[in-house]
Structure formats: C-alpha cells, structure tokens
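Examination of the molecular architecture
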Amino acid sequence: MKTLPDSLKTVTPADDGYRLLRSTYTTHHSPAQILLPGSPTEVQHAMAYAAGTELPVSIRSGGHGLAGTSSNDGGIVVDLSRMDTVTVLDRPSGLVRVDAGARWAQVASALAPHGLAVSSGDHGGVGVGGLATAGGIGWLVRQYGLTIDHVRAATVVLPSGELVRADEANPDLLWAVRGAGSYVGVVTDLDIEAMELPGIQVGQVVIEVDREGRALVEWSRFLQAAPRELTMSGVLATSGGGLVLVLTAVFAGTDARRAQAALVPLLARPRVHAGGMQAARYTDLVPAGHLHANLGQQPSATTNALLAAFTADSAQALIELVRHPSGPFVQVRGIGGAAADIAPDATAFPHRDAEVLVTATLFPPRGARELAAVTRPLWPHAVGAYRNFESHPSEATFARAFPGATGERVHELAHRYDPGGVLQRVALRGAR
Ligand SMILES: Cc1cc2nc3c(=O)[nH]c(=O)nc-3n(C[C@H](O)[C@H](O)[C@H](O)COP(=O)(O)OP(=O)(O)OC[C@H]3O[C@@H](n4cnc5c(N)ncnc54)[C@H](O)[C@@H]3O)c2cc1C
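Residues numbered from 1 in each chain as written. Predicted model: local features only at pLDDT ≥ 70, side-chain atom pairs only at ≥ 80, totals over all residues. Heavy atoms only, no water.

Core analysis: the largest hydrophobic core is formed by 52 residues, its most contacted members being L140, V156, L190, I192 and Y282. Among the elements that make up this core, the one with the highest residue count is helix α6 (residues 171-180) (six residues). Setting aside anything within four residues of it in sequence, one finds L190 in contact with V96, R97, V98, V128, A132, V151, A153, A154 and V177. Of all hydrophobic cores here, the second largest spans 45 residues; its members include V205, V217, A301 and F310. (Core = buried A, V, L, I, M, F, W, Y, C linked by side-chain atoms within 4.5 Å. Buried < 20%, exposed > 50% of the residue type's maximum accessible area, 1.4 Å probe, protein only. Helix = DSSP H or I, 4+ residues; strand = E, 2+ residues; numbered from the N terminus. Contact = heavy atoms within 4.5 Å.)

Quick look at the structure:
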C-alpha cells in the first residue's frame, strides 16, 4: 500500500476540523480520513494511496451532491476545497481556468470584474467539480447552454494516480468529463469558455394554472419561441384550491426594454401576473451568502424528469404529481435554446431535445421509495433525466441519464480509465 506524504493535509475523527468536513449538504457521514490536497500533484498522491486500500473512496468538490456520495462511512474522502483558484486565461475569448474545489459563488465574483460569467446552476454554494463534470443547468441555460457545453479542457487525475489532460488530443476523456466525469477520474481544474455578461434583468412571473394544465402547455410554447436571452425557472405549488407556477425570469443582458418585450406575449395571456424586470448582476443570483459548511443539514429524496415540452398529457401528469397527498416540492425549469445546439452524442449529456426539467423532492420522514411512487405518472412523458438531480442513483436512474449508446460509452470509458472500480467504491444509499 502507498503511504501519504507528510505534507498532505489530513483530517481524522480525532481532529478539531473533522466536524465541519465529515458530511455533505444532504447526508451525515463518518469517514475515517479526509485528505485535503492543495495541488494536482497532491491529488495524485491521495488517489494512489486511496486506490491501494480496500476502503470506500469519495471525491468532493463543493459537497452539494444530492446523493451524498462525496462522503462515506469508514472510508477516505478526497476533498478538493483547498483548490479554488479562478483565473482568466484569455479575456478576448473568455477562456477561464477554474479549480474544481471552487464554489460557483466564488467563480461568479471572480469573473464579474472582467464582464464575464459562466452559467452554472441556481446556487452559489454548489461546487465546480460536481456540476461541471455532469451538466450545469443554470439561470442562463437558454442563452449559454449547459456548463459542460463550454468545457474545452480539464486536468484529470486517474484512479491510478496518473495525471492527464482531457482535451482535443484526448477526445474520449474530454467526452466523459463533459457529463460523466465522476466515472473516469478526479478533475482538478477545467478550462471553460465564459460568456460576455455586462449585466442581467430579473423579474418574477406568477401563472395561475388551470385544472387541465393548459397554462403549462402555453408557458412552454411561449418559452420555445422566446429570445434565448430569456430563461425561466420556478416552483409549481398548490395555492388554496388551485395551482400556481411561480417563476423567476432572467434575461441575459442590460437592455431593459428588450427584457420587458421578451415577456409581452406571456403577459398578454389571462391569469399571468408580473412585476417589471429589474437590472441586476449575475452575482446576485449566486451570491457569496450561499456559502456555508456542509453538515448534512438538508436530507431529502429528489428525482427528476426531462420533458420534450409540455403537452396536455404531460401537464396533466405533472398536476397529478403536485397534488399528491405526499406534498412533493416541485421545481420546473425551461431549457432548450442554446442547450439544443449541441449534438446528442457530442457530450455525455445526450438530452438535447429537452425543453423542460421537472424536479420533485420529498423531505423526511418521506423518502425515495415514496417519491418513486409519487413521480410514476411523469415517467411515460420523460425523454430522459439529469443525473445531478438524483438523490438515490441506481441502474434505473443511470439508464434514464445515460440511455443507449451514451450509457454504453460511459461504461466502456469507466472500465478503461478506472479498471479497478476505485471510483465506484462508495456505498450508495438504497431506496427507502
Ligand atoms: C441547493 C442545490 C441547488 C442546485 N442547483 C442546481 C442547478 O441549478 N443546476 C444544476 O445543474 N445542478 C444543481 N444542483 C445539483 C448539483 O449540480 C449537484 O449536486 C453537484 O453534484 C454538486 O457539485 P459539488 O461539487 O458541490 O458536489 P460534491 O458533493 O462535492 O460531489 C458530488 C459528486 O460529484 C462527483 N465529483 C465531485 N467533484 C468531482 C471532481 N472534481 N472530479 C470528478 N468527480 C467529482 C463525485 O462523484 C461526487 O460524489 C443543485 C444542488 C443543490 C444541493
């Protein structure tokens, strides 16, 4: 078995810092050792050591993974949080290098002075490593596409401890990093093409949803025809005896008139309410206020379905879901736009026909088994699923996230780069 260099920072249950490092955002854990490398070379040492044990191995960037796989019980955690540098490599092209241990609030605030942004997700506390190796469906997804769509290269430490570049010269590895990174290695940094973003406009829209769900169908038709600068996401909830879709509208750009005009066709419909669009900064959406320690404070069961666009039937199925007595928390996001420009086989996220992402969450004491029953009506309408909104990964959720040839390629590359299955040594939570 390889030994660890003395210089590699390590925290064990006997250390003071253990309490703040043992868990993830969603799960409480008790790992035996937390390794805190400060450089790719130290990640190489950490992985070579971890691979030589028989213990569970967890890779952690921001600790916000819903499945709680970035920690474990009795095993080793490789925590990249000390590696959080954000560098503008080339301002004209927007190319930036982001360490995997940075959180998206840090990325947004580091890029803002340069007039640049990377659309990531809706939370500043989420880590770069877990999101930019899986998808990244963010506030500006219709303008920018997914975060992975702009990953041009990455540094990867393979489970063997070998350091490699994933780039055009290594297209298989780059393909895997763009959607299935956790199957092939530990990404230590990514080169991402950021977008020019001098500012944004933000507003709230509330849509009263009728019993037949026509308002949902009309909303998704509206968004398909809307300018790409407009992205909308929100919550579908019961309100009194009715249903409301409460949306945040984000417009990529400073042109207030264009932003307001983009909403006009929606606002012309009955039972749609809105305040005006307000000028804001991208950093307001993923603020530093989101940064916090992960103490297992948000246990939940979450699953998701990607839909082509709402039809009368899929809207009806969603309404059935929202009205379920279990009371699921349901979020609805518009996708499409630039996300659909990428060929389905160009990255490990093949769902380029998806126009809507629906996520459903239950909180304790309700769990994954109940959620599976609650969400059953939605599956016949799904075109796939996003792996990062699955709290209880299984073969079935793998098949939804990586269907057909995509899944076969992920399996093949996982076997090629991680033949010993080191990265799969994290015990997954069974459905409860
Ligand atoms: C509050 C909240 C809001 C969210 N909002 C969005 C959103 O708007 N859009 C969106 O797309 N997603 C969103 N997510 C989901 C998010 O993309 C995932 O939870 C993501 O995995 C979190 O990344 P992390 O680095 O914080 O996770 P971690 O818990 O650190 O890691 C999760 C898993 O990712 C893998 N991983 C982590 N780092 C690396 C690495 N460096 N190399 C290889 N594999 C790695 C490992 O398998 C690890 O177990 C949200 C999650 C939360 C909790």
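The pairing of strands in a sheet comes from backbone hydrogen bonds and takes either a parallel or an antiparallel form. A sheet is described by the order of its strands in space; here five strands give the open sequence β5-β6-β10-β8-β9, paired in antiparallel fashion. In the strand order of this sheet, the two ends are held by β5 (86-90) and β9 (163-166), each with one partner. For this sheet the average axis-to-axis angle between neighbouring strands, irrespective of direction, equals 20 degrees. For strand β8 (residues 151-157) and β9, the ladder comprises four bridges, and the chain directions are antiparallel. (Pairing = 2+ DSSP bridges. Axes fitted to C-alpha atoms, helices over the stretch in contact; angles between N-to-C directions.)

Strand order in the open sheet formed by four strands is β1-β2-β4-β3, and the pairing between neighbours is mixed. Looking at strand neighbours, the two that pair on one side only are β1 (9-11) and β3 (57-60), the edges of this open sheet. Across the sheet, the axes of successive neighbouring strands diverge by a mean angle of 20 degrees, strand direction being ignored. When β1 meets strand β2 (residues 33-36), the two strands line up antiparallel, connected through three bridges. The partner of V11 across the bridge, within β2, is I34.

Side chains I76 and V78 of strand β4 (residues 76-79) all project onto a buried face; the interleaved residues V77 and D79 project onto the opposite face, where all are buried too. The pairing of β2 with β4 spans three bridges and is classified as parallel. In the strand pairing of β4, Q33 is matched with I76. Where β3 meets β4, four bridges bridge the pair, whose relative direction is parallel. Residue pairing for β4: I59 is matched across the bridge by V78.

Taking 1.5 Å of rise per residue, the 12 residues of helix α8 (residues 256-267) would be expected to cover 16 Å, and the 16 Å separating its terminal C-alpha atoms lies within 8% of that figure. Taken together, the buried positions of α8 are occupied by A259, A262, L263 and L266. All buried residues of α8 project into a common sector of 85 degrees when viewed along the axis, lining one side. Summarising the contacts, the buried residues of α8 are in contact with β12 (200-209), α7 (214-225), β13 (230-239), β14 (242-252) and β15 (272-274). (Expected span 1.5 Å × (residues − 1). Arc of directions from axis to C-beta.)

Close contacts around the ligand come from 31 residues, with S61, T69, S70, D122 and Y386 the closest. The backbone of G65 places a nitrogen or oxygen atom 2.8 Å from an oxygen atom of the ligand. A distance of 2.8 Å separates an oxygen atom of the ligand from a polar backbone atom of G127. Residue contributions to the shell around the ligand peak at three residues, all from helix α4 (residues 128-131). In terms of residue class, the shell around the ligand is made up of 12 nonpolar, 16 polar and three charged. (Near = heavy atom within 4 Å. Polar contact = N/O pair within 3.5 Å; in protein donor to acceptor, adjacent residues only side chain to side chain. Nonpolar A, V, L, I, M, F, W, Y, C, P; charged D, E, K, R; others polar.)

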